[in-house]
Amino acid sequence: MDFLHRHIEALIFCAPDPLPKEEIVKCLSEMFEAEIPDDHVNQAISELIEKYQSEEFSFQLEHLGGGYQFLTKPAYQTSISILLRQQSQKRLSTAQLETLSIIAYKQPVTKGDIEQIRGVNSDYSVQKLLEKELVDIKGKSDGLGRPLLYGTSNKFMEYFGINALSELPQPKDFSQPDNQIGEERD
């Protein structure tokens, strides 16, 4: 069964995005011209996850965005953050972050709805988010003029390291306690 590990490892390594288990099984089944049992694939993935937890590797196998992907370990965050800072083209501006958060929490949403919430034109931000593949067009609204509906993409999940929209922080997580003047007395 060791050969199965190596094939799964190679598939995940070569995939540009998190690779879903279903795609792994499909590729292996086609390659070996036989059905590969799910439990064999699950066991191989579990063993690979365990293997890459070892200190000798600077990366590990993670389950995110609905698939599996090799990611560097947190201990190497500083060197990676320097590299990412140098690649500023991938950074999101404040306007793009605002627009993306509206889309994430209100999806599917029209550009008009986004602009109404933000109070400013959002054409540029939406276009940049589409180019960065963090947002997808989900269809057309039934409203007047049938405007496009926007929603988050799988790359959004990967970018923020989550598996589902339910993992996004809720507004109550951001609330701050009321300010108090003076001291509390018993």
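Read on for a plain summary of the structure.

Thresholds, definitions, all that
Residues numbered from 1 in each chain as written. Predicted model: local features only at pLDDT ≥ 70, side-chain atom pairs only at ≥ 80, totals over all residues. Heavy atoms only, no water. Helix = DSSP H or I, 4+ residues; strand = E, 2+ residues; numbered from the N terminus. Buried < 20%, exposed > 50% of the residue type's maximum accessible area, 1.4 Å probe, protein only. Contact = heavy atoms within 4.5 Å. Areas by Shrake-Rupley, 256 points an atom, 1.4 Å probe, with all protein chains shown as cover. Patch = residues over 30% accessible without salt bridge, like charges linked within 9 Å, V, L, I, M, F, W, Y side chains within 5 Å. Salt bridge = Lys/Arg side-chain N within 4 Å of Asp/Glu carboxyl O. 1 Å grid on protein atoms, 1.4 Å probe; cavity = no way out; pocket = protein on both sides within 12 Å on 5 of 7 lines; lining within 4 Å. Points joined across faces, edges and corners; volume = space filled by probe spheres on them. Nonpolar A, V, L, I, M, F, W, Y, C, P; charged D, E, K, R; others polar.

## A closer look at the overall build of the chain
So, point 1. Of the regular secondary structure elements, the chain holds eight helices and five strands.
So, point 2. Reading the chain from its N terminus to its C terminus gives the helix and strand order α-α-α-β-β-α-α-β-α-α-β-β-α.
So, point 3. Looking at the 186 residues of the chain, the share that counts as buried comes to 31%.
So, point 4. The contacts of the chain with a sequence gap of at least 6 include a subset with a gap of at least 24, amounting to 46%.
So, point 5. Accessible surface, the chain: about 12900 Å² in total, of which carbon and sulfur atoms supply 51%.

## Observations concerning a nonpolar patch on the surface
So, point 1. Residues L97, Y159 and F160 make up a contiguous nonpolar surface patch of roughly 280 Å² in combined accessible area.
So, point 2. Inspection of the secondary structure assignment puts F160 in helix α8 (residues 154–160).
So, point 3. Taking the relative accessible area as the measure of exposure, F160 reaches 37% and is therefore partly exposed.

## Quick look at the layout of surface pockets
So, point 1. Taken as a whole, the second largest pocket encloses approximately 150 Å³ of empty space.
So, point 2. Forming the boundary of the second largest pocket are D17, P18, P20, G65, G66, E133, S153, N154, K155 and E158.
So, point 3. Class assignment for the residues of the lining of the second largest pocket results in two nonpolar, four polar and four charged.

## Description of unusual backbone geometry
So, point 1. Look at the link from Q107 to P108: it is a cis peptide, with omega at -10 degrees.
So, point 2. One can find P108 in the loop between α5 (94–106) and β3 (109–110).
So, point 3. Backbone geometry places E33, a non-glycine residue, at a positive phi of 50 degrees.
So, point 4. Counting through the fold element by element, E33 comes out in the loop between α2 (21–32) and α3 (38–51).

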